[in-house]
Every structure is written in structure tokens, then in C-alpha cells.
Amino acid sequence: MNLPVAPARLPAADLDRVRRAAARAAAQDTDAALADLLPDLTDAERADLARHVVFDHTAVLVFPDSLDGLCEELRRCGLRPGPVTPSVIVRERLERRYGAVVHDVPVAITHVTAGERSVEVFALPVPPDSPLQAVAADERAAEHEAHHAFATTAPGQVVPAGLRALLQERGGAVPDGGGYNGHENVTVLYYRTRAHRRFELRLPGRQDPLPDPASALLTTLTGAWATQAVATMAELRLADHLAAKPGLGADPLADLTGTDPDALRRLLRYLTVLGLLSCADGTYHVTAVGERLRTGTEFSLHPLALLYGGPFYDSFAGLTHAVRTGQDTFTLRYGQHHFDHFADRPALDALFHRAMAASAEMITPVPHLVDFSTARRVVDVGGGKGALLGRLLSAHPHLEGVLLERPTALEAARAELTAAGVGARCSFVAGDFTAAVPEGGDVYLLSRILHDWDDDRCLTILATCAAAMRPGARLLVVERLLPLPEGTPSPAVAWDVHMLCNVGGRERHESHYRDLLTRAGFTPGACRALPLSGFLIEAVRAEG
Ligand SMILES: C[S@@+](CC[C@H](N)C(=O)[O-])C[C@H]1O[C@@H](n2cnc3c(N)ncnc32)[C@H](O)[C@@H]1O
């Protein structure tokens, strides 16, 4: 004899959560849901995304006392459920969070109609007095499974790959698991937004899985190996050799570089995987990325590769000490502050100045971003080899320049600006920008100076500049800026940690620079974007 099945009962709190999820699903269209979740996307990017995905449903996890009769219970509560299928992914996620207590407990899915959309109701059966009651209470409080879901019906790999790239690289969404659901023949990818909200991307069929968390972490963990591989490529001048003779194999390259053929072949394979070389039939070519390691080309990153694999690599290795103490680790490692250590070693100092000039791509637009028509005299404070001043003098023949630098750096600057044909319009002053800066300039430059120093030293440098400037004279500050909201990807974020280790300085938000400028007697003005995530902040020396 078949006994009648006792219908599942849904706690009132869960029914309320389903109704609220339904209200959310019905209220927003795709564009509004995307705008709410991914505010970093531009209108154009969001519109592009909305052409390929639709806001499909919201989701909620509920805890009936049984799965039997779940649909009847939902209908009794006035909801319209669809068929029930097993959930693979949510079941696995629960098991990862709670372990043995949920082992072998089935999770069901049904979709409840909500206007044009639906609520995906996940159901974990929790009988009265079961230890699973604690799981239910925790899940209701944290809403780990609540999310919005967007679906695309585009077949194949191209659209899904583009969607994933746009969501992650432009929308700031971070992958958060997922997998293939064979019952529905969909791949479900979960993401977390910057504001910690979850959403789901549903793709038809079986798509490439997201890297599992351990593999993703291992890739990050071994990033230092990539730094060293690139530095070794620079040291061996592999890009120069392959540019001169494209298609060389490992053996002739080993002859040219005086290296062990087998070890070199292994390095070449790694560099190929890193995207700096391409390989066909055992012969190698430099890619566009690897090209940037050629020497003697404009903006060659060769000197930077040597520094980042050398002294800067060593200073970064002390990061834990820097974080514990707030002190730079270059001094700990080398016994001298970065600038003193380099000043005492001419070859290293020359490499540093070549490296700064290598990233001068950042400052190339400056001569054309600012009106120099009324200026006569430009003072470059800590001007390095004169990469910025040289460009200004070349672009504006009416300007004369003054370059202030530490004595050890001046000769290289003089040679550079003379070679650029502007040496005659430039004077070179040895000095210390914390003590005095040449007077009489119409425009002062602080290019990539302030990020080397803490706030107190920045205020000293700015005050020294202010003391030398007449009211109305202009100051141009070039720096990378930390992005907002916090967590937005930008090279400045990693450079900030590098500045902590290497010099005890920091990258800053725009508002931080504005505050420092104001405190030092300047009126901050426009802020414009430059290449390589640089920015130009203009300021005017205030009256009094
Ligand atoms: C990061 S580099 C920037 C160079 C250049 N402005 C540029 O953007 O390429 C910092 C410069 O500050 C100079 N510097 C460091 N301490 C200094 C001081 N006390 N007085 C003058 N220059 C200094 C260094 O020699 C170095 O050239």
C-alpha cells in the first residue's frame, strides 16, 4: 500500500524571500540590472553587453522540510513553479562550505515565474530538528546563493569568450566558480562584483571551465618566475639576436649567447608560453611584446627588465617586512636608500635613468596638452635625463629650460639634451629639491617625483617649489593615480606596493595629490590622463 506523501512545508521566512526575489526579477530590465551590478562599464560597453545577454532570473536558496511535494507547496503559496531538476553546482558549493553535514543531501531547482522573468528556487531539504537547521540559518543570513543571472543563446565559443573578457577586464567582475549542468545542458559561470554581489552567466552547452582556484593561485604565485625569465631574456639580449636573425633555433642562439643549449631551449619554451616569443618547428621569432626588449629602440623596456629582475626584485622580496614596519626594504637589503645606493654606483645609476627614459612614453603628450604660449622658462625639478624637458623644448622653440638634478645625474641629462639639439636653451643645476629650487620659472615640472616620497617629504618638496615660484606660476605634476573605487584594476595598484618596498614612497589617489598641493600653497586644476596609466595634474601657485 502506498502511503500519501506528506507535502513539503516552506518556512514563512523563505516564502517571503522568494516573493522578494520575484519582485526584484520583475522590476529591472537587462540594462538596469547590468548598470546596477557593473557600474564600471561605460554606457557603450553596457549596451554592447545587453545586445548579447538578457537578464534571465534571480535566485534564492530555500529550506523546505522535504523535497517531496515542493511544487505543490509553492503552488499552494500562490507561485507558479516549473519542473524540478537536481542542482549539481549549488550542491557542491554547499558541500564546500559546510562539509559532511550536507554530504549526499540533494538540492533541487525549480523556476518560479516572475513577470517576464523567473526566480530560480534552489531547495535544500531541512527536516525539523535536523543539524541542517544551522546551515539554513547561516544561508538565510548570508544569502550566499542569491544572484542575478544573465543568459546568452549565442552558440559556439566566440561570443562567450568576448562576454567573459568584457565582464572581467572592463566590468571588474571576478570569477567565482561554476560548471557544466548536464541536466539543462548549460555552463553556469558565477562572478562576484566589486560590491561583493554575485551574478551568473549562463552559456549554452559545455564551455571552457574557469581555472580552478588552485591553478589560478599557482599562476599568480609563480609570477616571480616570469619576471626572472624576462630579465634573463634581456640580459642575454635574445630580442636583439632574434631581430637580427629571425627564425634561429636554440643551438645557434646558445652559441651566440654563450649559454647551455638544453637550458636555453627550456627558457625559450617558457618565454613562448609567456608570449614574448613564437616558435615553429624549433625556430624562434620575437613577438610584438618581446620586441619591447630590443635595445636601442625608442621606449625600449630593456633597462626596466634588468632593474625589475635585479635590485627592484630584491627589494620586493622583503615585502612582508615592509608591511610589518611601513619601511622601505631597499635600505634593509642594500644598507642605503635607493637614491644614495644608485648615486654611489654610476653604472647602476645610468641604468636607472635609462629605465626612467624607457617609460617616458607616459609623458610624450604633455607638450601638447598644456598651453605653453605665455611661458618662457620651464624648471624641471628632479628631471632625470631630461626626457620631459627635452620634449617640451623641442615642441616649443620659444622656451628655455632649467633642469635640477642630483650632481651624479646631471652629465647624462646634459648629453641627452645636447644630442636632442636643445642643450643650448637649457641650464643644468646640481641641487637638492628638498632644500632649494631655481627661481624665476613660469612653469615647474614634478614628473614622477612625489610618488618616491612619503607625505611629509612631498610637502617639503612642494613647499620648496612654492617658495621659488611667483604667484600665478604653474606646476605640472605627472604621476600614476590610484583608481577608485578601491579594487579597480590598474598598474598603479601594484606600483604602489613596489614604491613602498623600493623607496618608501607611494602611489596616491587624485584627491590625495590635490590635498597635498593645497596644503603646500597651490590651487590644483585640471587632471588629464596620459599613456601607461599616467596623469597630469595642473596647479597654480596661489597668492600669498
Ligand atoms: C623617478 S625619477 C624621475 C625622473 C624624471 N622626472 C622622469 O619623469 O623621468 C626621480 C628623480 O629624482 C631625482 N632625485 C632624487 N632625490 C633628489 C633630490 N633630493 N634632489 C633632486 N633630485 C632628486 C633622481 O635622481 C631621479 O632622477
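Residues numbered from 1 in each chain as written. Predicted model: local features only at pLDDT ≥ 70, side-chain atom pairs only at ≥ 80, totals over all residues. Heavy atoms only, no water.

- Naming follows an unreviewed UniProt entry, where the protein chain appears as Methyltransferase of Streptomyces hintoniae.

Concerning the overall build of the protein chain
So, point 1. When you go through the protein chain residue by residue, the secondary structure sums to 25 helices and 18 strands.
So, point 2. In terms of overall dimensions, the protein chain is more spread out than a globule: its C-alpha atoms have a radius of gyration of 30 Å, far above the 24 Å expected for 544 residues.
So, point 3. Dimensions of the protein chain, computed from C-alpha atoms along their principal axes, come out at roughly 105 × 70 × 45 Å.
So, point 4. Counting only residues that meet the buried cut, the protein chain has 47% of its 544 residues in that class.
So, point 5. Contacts in the protein chain between residues far apart in sequence, at least 24 positions, make up 66% of those at least 6 positions apart.
So, point 6. Split by element, the accessible area of the protein chain, about 25200 Å² in all, is 56% carbon and sulfur.
So, point 7. Positive and negative side-chain charges in the protein chain, numbering 53 and 66 respectively, have mean positions lying 1 Å apart. (Helix = DSSP H or I, 4+ residues; strand = E, 2+ residues; numbered from the N terminus. Rg over C-alpha atoms; globule rule 2.2 N^0.38 Å. Buried < 20%, exposed > 50% of the residue type's maximum accessible area, 1.4 Å probe, protein only. Contact = heavy atoms within 4.5 Å. Areas by Shrake-Rupley, 256 points an atom, 1.4 Å probe, with all protein chains shown as cover. Lys, Arg positive; Asp, Glu negative; His and termini not counted. Charge placed at Lys NZ, Arg CZ, Asp CG, Glu CD.)

Section: the nonpolar core
So, point 1. Judged by nonpolar contacts, the single largest core of 42 residues is most densely connected at Val 381, Val 437, Leu 446, Leu 462, Leu 475 and Phe 522.
So, point 2. Of all the elements, helix H23 (residues 455–468) adds the most residues to this core, at seven residues.
So, point 3. Once you skip the residues sitting within four places of it in the chain, Val 381 turns out to touch Leu 404, Phe 433, Val 437, Tyr 444, Leu 445, Leu 446, Ile 449 and Cys 465. (Core = buried A, V, L, I, M, F, W, Y, C linked by side-chain atoms within 4.5 Å.)

Section: the side chain of Asn 181
So, point 1. Relative to the assigned elements, Asn 181 resides in strand S6 (residues 174–181).
So, point 2. A polar atom in the side chain of Asn 181 sits 3.2 Å from the side chain of Glu 184.
So, point 3. Filtering out sequence-adjacent residues up to four positions away, Asn 181 remains in contact with Ile 109 and Val 186. (Polar contact = N/O pair within 3.5 Å; in protein donor to acceptor, adjacent residues only side chain to side chain.)

Observations concerning the UniProt feature "domain: O-methyltransferase dimerisation" (unreviewed entry) in the protein chain
So, point 1. According to UniProt, the "domain: O-methyltransferase dimerisation" (unreviewed entry) feature falls on residues 220–293.
So, point 2. Helix makes up 64% of residues 220–293 and strand 14%. Its end C-alpha atoms lie 23 Å apart. (UniProt positions renumbered as here; feature names shortened; annotations may be inferred.)

Regarding the UniProt feature "domain: O-methyltransferase C-terminal" (unreviewed entry) in the protein chain
So, point 1. The UniProt record annotates "domain: O-methyltransferase C-terminal" (unreviewed entry) at residues 316–522.
So, point 2. In residues 316–522, helix accounts for 45% and strand for 14%; the two terminal C-alpha atoms are 34 Å from one another.

What to know about the site of the ligand
So, point 1. Inspection of the region around the ligand gives 16 residues, with Gly 382, Glu 405, Arg 406, Asp 432 and Ser 447 positioned closest.
So, point 2. Between the ligand and Phe 433, the relevant distance is 3.0 Å, taken from a nitrogen atom to a main-chain nitrogen or oxygen of the residue.
So, point 3. Grouping the constituent residues of the shell around the ligand by class yields five nonpolar, six polar and five charged. (Near = heavy atom within 4 Å. Nonpolar A, V, L, I, M, F, W, Y, C, P; charged D, E, K, R; others polar.)

Some remarks on the sheet that holds strand S5 (residues 147–151)
So, point 1. A sheet is described by the order of its strands in space; here eight strands give the open sequence S2-S3-S4-S1-S5-S8-S7-S6, paired in mixed fashion. Either end of the sheet is taken by a strand with one partner, and the two such strands are strand S2 (85–86) and S6.
So, point 2. As paired elements, strand S1 (residues 54–62) and strand S4 (residues 117–123) share six bridges and run parallel to each other. Opposite His 57, over in S4, you have Ser 118 as the bridge partner. (Pairing = 2+ DSSP bridges.)

Concerning the packing of aromatic side chains
So, point 1. In the structure shown here, the tally under the stated rule is twelve aromatic pairs.
So, point 2. Considering the side-chain rings of Tyr 191 and Phe 199, the 5.3 Å spacing of their centres and the 20° angle between planes classify their relative orientation as stacked. The exposure classification of Tyr 191 matches that of Phe 199, with both residues buried.
So, point 3. Grouping aromatic residues by their ring pairs yields a cluster made of Tyr 308, Phe 312, Phe 330, Tyr 334, Phe 339, Phe 342, Phe 352, Phe 433, Trp 453 and Trp 495.
So, point 4. The ring of Tyr 190 carries Arg 93 above its face, with NZ or CZ at 5.1 Å from the centroid. (Phe/Tyr/Trp six-rings, centres within 6.5 Å; stacked < 30°, edge-to-face > 60°. Lys NZ or Arg CZ within 6 Å of the ring centre and 35° of its normal.)

Overview of helix H21 (residues 387–395)
Turn by turn, an α-helix covers 3.6 residues, leaving residues three or four places apart pointing in a common direction.
So, point 1. Restricting attention to buried positions, one finds in H21 the residues Ala 387, Leu 388, Leu 389, Gly 390, Leu 392 and Leu 393.
So, point 2. As for H21, its buried residues are in contact with helix H20 (366–369), strand S12 (377–381), strand S13 (400–405), helix H22 (407–419), strand S14 (426–430) and strand S15 (443–447).

Some thoughts on empty space enclosed by the protein
Where empty space is left can be seen by rolling a probe of water-molecule size over the atoms.
So, point 1. For the structure shown, the criterion picks out one cavity of 30 Å³ or more.
So, point 2. As a volume, the largest cavity reaches approximately 70 Å³.
So, point 3. Lining the largest cavity we find 14 residues, and of these Glu 120, Phe 122, Asn 181, Val 188 and Tyr 190 sit closest to its centre.
So, point 4. When contributions to the lining of the largest cavity are tallied by element, the ones reaching two or more residues are helix H5 (89–98), S4, strand S7 (186–192) and strand S8 (198–204).
So, point 5. Ranked by residues supplied to the lining of the largest cavity, first place goes to S7 with three residues.
So, point 6. Looking at the lining of the largest cavity residue by residue, the class counts come to eight nonpolar, two polar and four charged. (1 Å grid on protein atoms, 1.4 Å probe; cavity = no way out; pocket = protein on both sides within 12 Å on 5 of 7 lines; lining within 4 Å. Points joined across faces, edges and corners; volume = space filled by probe spheres on them.)

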